[in-house]
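Structural features, examined
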Amino acid sequence: MEKLFTPFKLGAYQLSHRIVMPPLTRMRANVDGVLSPLTATYYSQRATEGGLIIAEATQISQQGQGYPQVPGIYNNDQIAGWKTVTDAVKEKGSIFFLQLYHVGRISHSSFQKEGVLPVAPSAIKPTGNAFTSSWKREPYERPRALEIAEIHQIVNDFRKAAENAKQAGFHGIEIHAANGYLLQQFLEDKTNQRDDLYGGTIENRSRILFEILDAVTEVFPSNCVGVRLSPFNDIGDMADSNPEKLYSYIISQLAERELSYLHLIEPQVRSGLVEEMNHEAPASVATLFRPLFPGALIISGGFDAETGEQALEDGKADLVAFGRAFIANPDLPKRIELGVSLNVLDKPTVYGGDERGYTDYPSMEQL
Ligand SMILES: Cc1cc2nc3c(=O)[nH]c(=O)nc-3n(C[C@H](O)[C@H](O)[C@H](O)COP(=O)(O)O)c2cc1C
């Protein structure tokens, strides 16, 4: 596992190994999106000296919420909750980024102020079921198309959330433009049928992403800002008529911005949440798009120690993220280094609940 343990300079920070903990939603905040000390314990257990952790998707506004008990970063209590988490992780010497998102049409009116409809680039309803604020599953509602002024407000909400993330003590942020949420809804033409500055051409559809990057890089330097994309991924009822052309444009533009990293999700395994494979998608988006992005590339999606090492060996990426394995193995990097077998994920305790399936997975010493 030589490559996985080769140090790497990631933008402003020095990493001691290349095993990344990617964002993993666990739905254990309180109903106001405020985290408890249990979350500090959870992340601190997974923190290693010089390792990179990207904290779970966190909404930039109440409008951006789409799941019960997920954290926010738009008010003082939420910032204070996150501060206890960043303190615990930094104490262990880890580099800690926060993933910022707005779910767009994946929300439900039960999360919205005064129960209004969720918003999206266009009023197109996804297939499938939303979560409600009371943990029920109900069919998605038809969202309301955003007005231009509201798009500007969302860009501002991302800026403010970046300021709050900085205040909460994060080393950097990741902009979530993947997995079927608001920014991917703007990027792809199945969900964006606007005919104004934010729809139509590829340049117009990606405008909001670049406006957000302009805004947040006034808060964090660009080498402390990453972007997550999931090209060819159909999660959240997404599709584009020409994903290769779309993402080639976006990734080439990102390449000019000297970002901390680009984080790609391999489409074959979707987001890790859906069991069946996406056989329609190319075998590897990292292989497809790597030539367009000379900066640091993180890949995620179905990797284990061997395939992760091989991906680095082949020059497919610079860092490998391990999602489900990190949930079940608080000491994952150590186990990979020593070739020790892994704990198995307990699916019923992934979302919501208490310390069970959260902070009680044993480390090697506890077995
Ligand atoms: C329980 C769970 C929660 C997730 N939450 C997020 C999230 O908040 N943000 C995100 O970008 N991806 C999320 N993902 C996707 C993971 O970051 C990762 O890309 C995926 O699990 C595939 O990697 P794996 O095969 O190593 O698990 C989640 C996946 C799982 C299983």
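Just so we're clear, the structure is a prediction, and the values are computed from it rather than from any experiment.

On to unusual backbone geometry, then. Non-glycine residue Met27 carries a positive phi angle of around 55°. Summarising the element assignment, Met27 is placed in the loop between strand S3 (19-21) and helix H1 (37-46). For Met27, a count of 16 C-beta atoms within 10 Å corresponds to the partly exposed category. Even without glycine at this site, Asn179 takes up a positive phi of about 55°. Within the fold, Asn179 resides in the loop between strand S10 (172-177) and helix H4 (182-187).

Right, let's get into the nonpolar core. Counting residues in each nonpolar core, the largest one holds 99 residues, and the members touching the most others are Leu100, Ile173 and Val320. At 7 residues, the largest contribution of residues to this core is made by helix H3 (residues 148-167). In contact with Ile173, other than residues within four places in its own chain, are Phe97, Leu98, Leu100, Ala162, Ala165, Val216, Phe220 and Val225.

Two numbers describe how H3 lies on helix H6 (residues 207-216): the axes approach to 9 Å, and their chain directions differ by 35°. Taken as a pair, H3 and H6 cross one another with a handedness that is right-handed. Here Ile151, Val155, Phe158, Arg159 and Ala162 of H3 come into contact with H6, specifically with Ile208, Glu211, Ile212, Ala215 and Val216. Considered class by class, the residues forming the contact of H3 with H6 number 8 nonpolar, no polar and 2 charged.

The next subject is helix H9 (residues 305-313). For H9, the complete set of buried residues consists of Gly308, Ala311 and Leu312. In an axial view of H9, the angular spread of the buried residues amounts to 95°, which keeps them on one side of the axis. Summarising the geometry of H9, the exposed residues directed more than 90 degrees from the buried face are Glu306, Thr307 and Glu313. In the core, the buried residues of H9 are packed alongside strand S13 (297-300) and strand S14 (319-321).

Turning next to the pairing of strand S12 (residues 261-265). In terms of residue burial, S12 counts as a mostly covered element, since 5 of its 5 residues are buried. What you see with S12 is no split at all: Tyr261, His263 and Ile265 on one side and Leu262 and Leu264 on the other are buried throughout. As defined by bridge partners, strand S11 (residues 225-229) adjoins S12 across 4 bridges and the pair is classed as parallel. Its bridge partner lying in S12, Gly226 is registered against Tyr261. Once the chain exits S11 it traverses helix H7 (residues 243-255) before rejoining the sheet at S12, and the crossover so formed is right-handed. As judged from the 4 bridges shared by S12 and S13, these two strands associate in the parallel manner. Opposite His263, over in S13, you have Ile298 as the bridge partner.

This next bit is on helix H2 (residues 76-91). Over its 16 residues, H2 runs 22 Å from end to end, which matches the ideal 22 Å to within 8%, given 1.5 Å per residue. Residues of H2 that are buried include every one of Gln78, Ile79, Gly81, Trp82, Val85, Thr86, Ala88 and Val89, and no others. In this fold, the buried residues of H2 make contact with H1, strand S4 (52-59), strand S5 (95-101) and H3. Gly93 sits one or two positions beyond H2 and adopts a positive phi of about 85°.

The rules behind each value
Residues numbered from 1 in each chain as written. Predicted model: local features only at pLDDT ≥ 70, side-chain atom pairs only at ≥ 80, totals over all residues. Helix = DSSP H or I, 4+ residues; strand = E, 2+ residues; numbered from the N terminus. Buried ≥ 20, exposed ≤ 12 C-beta atoms within 10 Å, placed from the backbone. Core = buried A, V, L, I, M, F, W, Y, C linked by C-beta atoms within 7 Å. Contact = placed C-beta atoms within 7 Å. Axes fitted to C-alpha atoms, helices over the stretch in contact; angles between N-to-C directions. Left-handed = near helix turned anticlockwise from the far one by under 90°. Nonpolar A, V, L, I, M, F, W, Y, C, P; charged D, E, K, R; others polar. Arc of directions from axis to C-beta. Pairing = 2+ DSSP bridges. Right-handed = clockwise from strand over helix to strand, strands pointing away. Expected span 1.5 Å × (residues − 1).

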